[in-house]
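For reference, the chains in residue letters:
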Amino acid sequence: MLITPAIFKILDHKFQKIFSLNRYINIIDFIFLGFFTFWYFKKDKLKIKFSKNLILLILYLLLARLSIVFSKGEIHHRAYYDLFKTALLIFVLMSFFTETLQKHKIVIFKTLLTLFFTFALFQTSLAILQFVLQKHLGFAFLHEPFFAHNLGGSCKISIAENAQFFLKYLSSQNNQFLRSHGTFIHPNVLSGFLNISSLLTMYFIYKSKNKIFSLFLFFQILALILTFSRAGLASFAISSFCFFILMLYKKYRVKKMFLSFLVIILFLGVFGSKLLMERGFLGSYFQSKDASTMNKQSNFTRESLKNTSINMIKKHPYFGVGFRNFLIKRNEYSNAGVQRAYVHNIYLLIAAETGLISLLIFLMLIFFTIYDTFRASLNPISITSICIILSFILIGFFDHYPISSNFGRIVIFSFLSLLNYFNELSRPLSYSQKAFLYQ
């Protein structure tokens, strides 16, 4: 499954060259048709049923495909490639109901969690070292991006001299400091990853009572601060407190854990308060002039992209301008040229590219999955999954990667699939169904 997108890219190129396929017929359509034909004839063996949430996901993908058919002008080849990668989310949802996972689920989940926390430890350590050393560390083979003081972009923050304290010992340029990236393309994306790992760490603090997880959480939140992602930090604050509220609501004993969490948050909050104020967490009044100017430039870009997306929605409310076509067609819907970037709002992005109906289906998928979880299977791991989804849909109001990147889509839809799995387990089942799910 990991190499499937790459194989598709090669096949798609060959098919386009040989058969001259276009927006109306593409290799992806043959793959979908073959998949659903196989599913129809093997449905008893696969033991998969068309649940409400699966149908909503299929409709979401279908509207994304139709948006390409009804779009006007140039269609970039990446639209089909990204749609294929998005379609693999169906297999993510289905994989929770396969016999292989049921037979080996303990080993599979332990292996995945071990790999994830190993990666999280690496990213946390790398993020802290990147900020301390103020440079990338040379992990190019792990896709660590190259960033430096002499490069532009949003990878830097401005901090006035009277707010620097210990930062004056770091290597800076004109009072500007490099934000931590990890091996992600942007500090904001790293903050999203740290949101996930921190919330999962909180779950393991509750489950294991091992103090090593509390220490790990401390460094994760420190790394999160060093990304200086406003959306990432705000969403983590809200989702983490929702974690404790839901745990207390279900009468799980987390009072001591909550106090420990508050100590970590208060200590790191005081430690980084001046830096966060320079980033604009309390508004421009508390910022230095340089920091305020940098924020205004960023806000201007975001505003122009927002207006562009609204113009797209007004002119193409049903099917949008085409899946993955925002970047290509952005200048057609703006009075002045706008920066080559997606609108920093996933809800406007979905509506602009694939239409308002697609946005409604996306919101329905999230709402019904979480609603069913509240009714049927609210436990520590499902609470954690809800908070991770909440974190990403909050980030989605201020950034685009939760839906524009493969990383963001996998996070949202994987945890929705996990919740869907828990909800199916909690429903009244026949004896044969229970034997399958619990074996």
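Residues numbered from 1 in each chain as written. Predicted model: local features only at pLDDT ≥ 70, side-chain atom pairs only at ≥ 80, totals over all residues. Heavy atoms only, no water.

**What about the overall build of the chain?**
When its secondary structure is counted, the chain shows 19 helices and two strands. A buried classification covers 52% of the 439 residues belonging to the chain. The contacts in the chain between residues at least 6 apart in sequence include a share of 70% that link residues at least 24 apart. Element-wise, carbon and sulfur atoms account for 67% of the exposed surface of the chain, whose accessible area totals about 22100 Å². (Helix = DSSP H or I, 4+ residues; strand = E, 2+ residues; numbered from the N terminus. Buried < 20%, exposed > 50% of the residue type's maximum accessible area, 1.4 Å probe, protein only. Contact = heavy atoms within 4.5 Å. Areas by Shrake-Rupley, 256 points an atom, 1.4 Å probe, with all protein chains shown as cover.)

**Considerations on helix H18 (residues 406-426)**
Its 21 residues place the ends of H18 30 Å apart at the C-alpha level, agreeing with the 30 Å of an ideal helix rising 1.5 Å per residue. Where burial is concerned, most of H18 is hidden: 17 out of the 21 residues are buried. (Expected span 1.5 Å × (residues − 1).)

**Quick look at the nonpolar core**
Met202, Phe362 and Phe413 are the most contacted members of the largest nonpolar core, which totals 113 residues. Of the residues forming this core, the biggest block, twelve residues, is contributed by helix H7 (residues 187-208). (Core = buried A, V, L, I, M, F, W, Y, C linked by side-chain atoms within 4.5 Å.)

**Let's talk about the packing of aromatic side chains**
Enumeration according to the criterion identifies 34 aromatic pairs in this entry. When the centroid spacing of 5.3 Å and the interplanar angle of 85 degrees are considered together, the rings of phenylalanine 122 and phenylalanine 139 count as edge-to-face. With phenylalanine 122 in helix H6 (residues 99-133) and phenylalanine 139 in the loop between H6 and strand E1 (156-158), the pair connects residues that are 17 residues apart, well separated along the chain. Measuring from ring centre to ring centre gives 5.6 Å for phenylalanine 184 and phenylalanine 407, while their planes differ by 55 degrees; the resulting arrangement is tilted. Linking phenylalanine 184 in the loop between strand E2 (176-178) and H7 with phenylalanine 407 in helix H18, this pair joins segments that are 223 residues apart in sequence. Overall, phenylalanine 184 belongs to the buried group, its relative accessible area being 11%. Taking relative accessible area as the criterion, phenylalanine 407 reaches 22% and is therefore assigned partly exposed. Feature note: the residues Phe116, Phe117, Phe119, Phe184, Phe193, Tyr203, Phe204, Phe213, Phe216, Phe392, Tyr401 and Phe407 constitute an aromatic cluster, connected by ring pairs. Directly above the aromatic system of phenylalanine 323 lies the positively charged group of arginine 324, at a separation of 4.7 Å from the ring centroid. (Phe/Tyr/Trp six-rings, centres within 6.5 Å; stacked < 30°, edge-to-face > 60°. Lys NZ or Arg CZ within 6 Å of the ring centre and 35° of its normal.)

**What to know about the confidence of the model for the chain**
The pLDDT averaged across the chain works out to 81; a share of 78% of its residues lies at or above 70. Of the regions scoring below 50 in pLDDT, residues 430-439 engages in 18 contacts with residues more than four places distant in sequence or in other chains. (pLDDT = per-residue confidence, 0-100.)

**Quick notes on H6**
Across its 35 residues, H6 extends 48 Å between first and last C-alpha, which sits within 8% of the 51 Å expected from 1.5 Å per residue. Along H6, the sharpest change in direction is near 85 degrees and occurs at lysine 105. Among the residues making up H6, those that are buried are Leu101, Gln102, Phe116, Phe117, Ala120, Gln123, Thr124, Leu126, Ala127, Ile128, Gln130 and Phe131. At the exit of H6 stands glutamine 134, carrying a positive phi of roughly 55 degrees. (Bend = angle between axes of the 7 residues up to and from the residue.)

**What to know about the pattern of salt bridges**
Following the criterion strictly, the structure yields four salt bridges and no others. Notably, a salt bridge pairs aspartate 82 with arginine 324, separated by 3.4 Å at the nearest N-O pair. Pair noted here: aspartate 82 is in helix H4 (residues 77-87) and arginine 324 is in the loop between helix H12 (289-315) and helix H13 (326-329), with a separation of 242 residues, a long-range link. The exposure class of aspartate 82 is buried, given its relative accessible area of 4%. What makes arginine 324 buried here is its relative accessible area of 7%. Residue glutamate 353 pairs with arginine 324 through a salt bridge whose shortest N-O separation is 2.9 Å. Here glutamate 353, found in helix H14 (residues 346-354), pairs with arginine 324, found in the loop between H12 and H13; they are 29 residues apart in sequence, far enough to count as distant. By sharing partners, the salt bridges in this structure join Asp82, Lys85, Arg324 and Glu353 into a single network. (Salt bridge = Lys/Arg side-chain N within 4 Å of Asp/Glu carboxyl O.)

**Structural notes on the packing of helix H9 (residues 230-249) against helix H16 (residues 380-395)**
Contact geometry for H9 and H16: axes closest at 9 Å, N-to-C directions at 155 degrees. Here H9 is positioned roughly antiparallel relative to H16, judged by the angle of their axes. Crossing handedness for the pair H9 and H16: right-handed. Residues Ala231, Gly232, Ser235, Ile238, Ser239, Cys242, Phe243, Leu246 and Met247 of H9 form the contact with H16, whose participating residues are Pro380, Ile383, Thr384, Cys387, Leu390, Ser391, Leu394 and Ile395. When the residues that make up the contact of H9 with H16 are grouped by side-chain class, the tally is twelve nonpolar, five polar and no charged. (Axes fitted to C-alpha atoms, helices over the stretch in contact; angles between N-to-C directions. Parallel < 35°, antiparallel > 145°, perpendicular 65-115°, else oblique. Left-handed = near helix turned anticlockwise from the far one by under 90°. Nonpolar A, V, L, I, M, F, W, Y, C, P; charged D, E, K, R; others polar.)

**Quick look at the packing of helix H15 (residues 356-376) against H18**
Orientation of H15 relative to H18, taken along the N-to-C sense of each, is 40 degrees, at an axis distance of 9 Å. In terms of orientation, H15 lies oblique with respect to H18. Note on packing geometry: the crossing formed by H15 with H18 is left-handed. Of the residues in H18, those touching H15 at Phe362, Leu365, Ile366, Thr369, Ile370, Asp372, Thr373 and Ala376 are Phe413, Leu416, Leu419, Asn420, Asn423 and Ser426. The residue inventory of the contact of H15 with H18, partitioned by class, reads eight nonpolar, five polar and one charged.

**Description of the state of the cysteines**
Within the structure shown, the criterion is met by zero disulfides. In this structure cysteine 242 is a free cysteine whose sulfur lies 5.8 Å from that of cysteine 387, the closest cysteine sulfur available. The class for cysteine 387 is buried, based on a relative accessible area of 1%. (Disulfide = S-S within 2.5 Å.)

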